[in-house]
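# Geometric and topological summary
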Amino acid sequence: MTLRAVLFDVDFTLVRPGPELGPEGYRRRGEQFGLALDPALYDQARQAALVDLKLHPELEHDEEIWVAFTERIVRGMGGGGERARECAVAVEKAWEEHANFDLYEDALPVLEELRRHGLKIGLVSNGARDLDDFVLHHGLRVDAAIASRAHGKIKPHETIFRAVLSALAVEPEEAAMVGDSLADDVEGARALGMRAVLVDREGRFPDVPDALRDLYGVPAALGLPRT
């Protein structure tokens, strides 16, 4: 069927977390709670937390999972005691602040190119942010946007994809999904009959031969001619 819409993941696909959500941001946040967090331990702590990360068995949007994940990072950076959880909650609240994210340089040009092809644009995110406000803050031109907190389910649950598709008035076979998660974005979309493109900016999936390192290759990957 003819392609009519392209859905995008948000974090690490269109935007990157800014400094407040990185090692120095953790250090500054820790100081507010009397914790001495070592930025040099951030990467190691985050990787260890990722190993233990398990999503809700019914793919419910469960913010406690992410608070616990962040608390593991805080403790891995040297933040012990009862205030580690308070610090983690504060870090998680910072993920809801639109100004704490920066657009990748390829985001706006590629979205505009897809629009020149007459395609509708949708956003689907596993997150707590208000995507309507997020879109306005970053000057994104999209036709529909749904986050898992508002929807109740997270990707790869089929209902969150279907909610965006319904808002765009397109069928799964008429849409493509672009995202940085093989399981959530690519496999979740394909299970529904959508096309899917993996954007692997950090080289996490070396065994996926058609993964893109940036968004500039998305139009060609979808078979669109240059405009």
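Structure's up top.
Okay, so let's go over this structure.

Within the secondary structure layout, S148 lies in helix 7 (residues 148–151). Ignoring anything within four residues of it in the chain, the contact list for S148 reads H61, S125, N126, G127, K153, I154 and I160.

Further remarks concern the pattern of salt bridges. Scanning the model with the defined rule gives 19 salt bridges in all. Close ionic contact of E60 with K153 constitutes a salt bridge, the shortest N to O distance being 3.0 Å. Note that E60 is positioned in the loop between helix 2 (42–52) and helix 3 (63–76) and K153 in the loop between helix 7 and helix 8 (158–168), a separation of 93 residues in sequence. The class for E60 is partly exposed, based on a relative accessible area of 33%. In this structure, D143 engages R115 in a salt bridge whose closest nitrogen and oxygen atoms are separated by 3.1 Å.

In this section: unusual backbone geometry. Of note, the bond from K155 into P156 is cis; its omega dihedral lies within 30 degrees of zero at 15 degrees. Here P156 shows up in the loop between helix 7 and helix 8. Here the phi dihedral of F12 falls at roughly 70 degrees; this positive angle occurs in a residue that is not glycine. When you line up the elements, F12 lands in the loop between strand 1 (5–8) and strand 2 (15–17).

Parameters at a glance
- Residues numbered from 1 in each chain as written.
- Predicted model: local features only at pLDDT ≥ 70, side-chain atom pairs only at ≥ 80, totals over all residues.
- Heavy atoms only, no water.
- Helix = DSSP H or I, 4+ residues; strand = E, 2+ residues; numbered from the N terminus.
- Contact = heavy atoms within 4.5 Å.
- Salt bridge = Lys/Arg side-chain N within 4 Å of Asp/Glu carboxyl O.
- Buried < 20%, exposed > 50% of the residue type's maximum accessible area, 1.4 Å probe, protein only.

Note that every value here comes from positions in space, so none of it alone points to a role or purpose.
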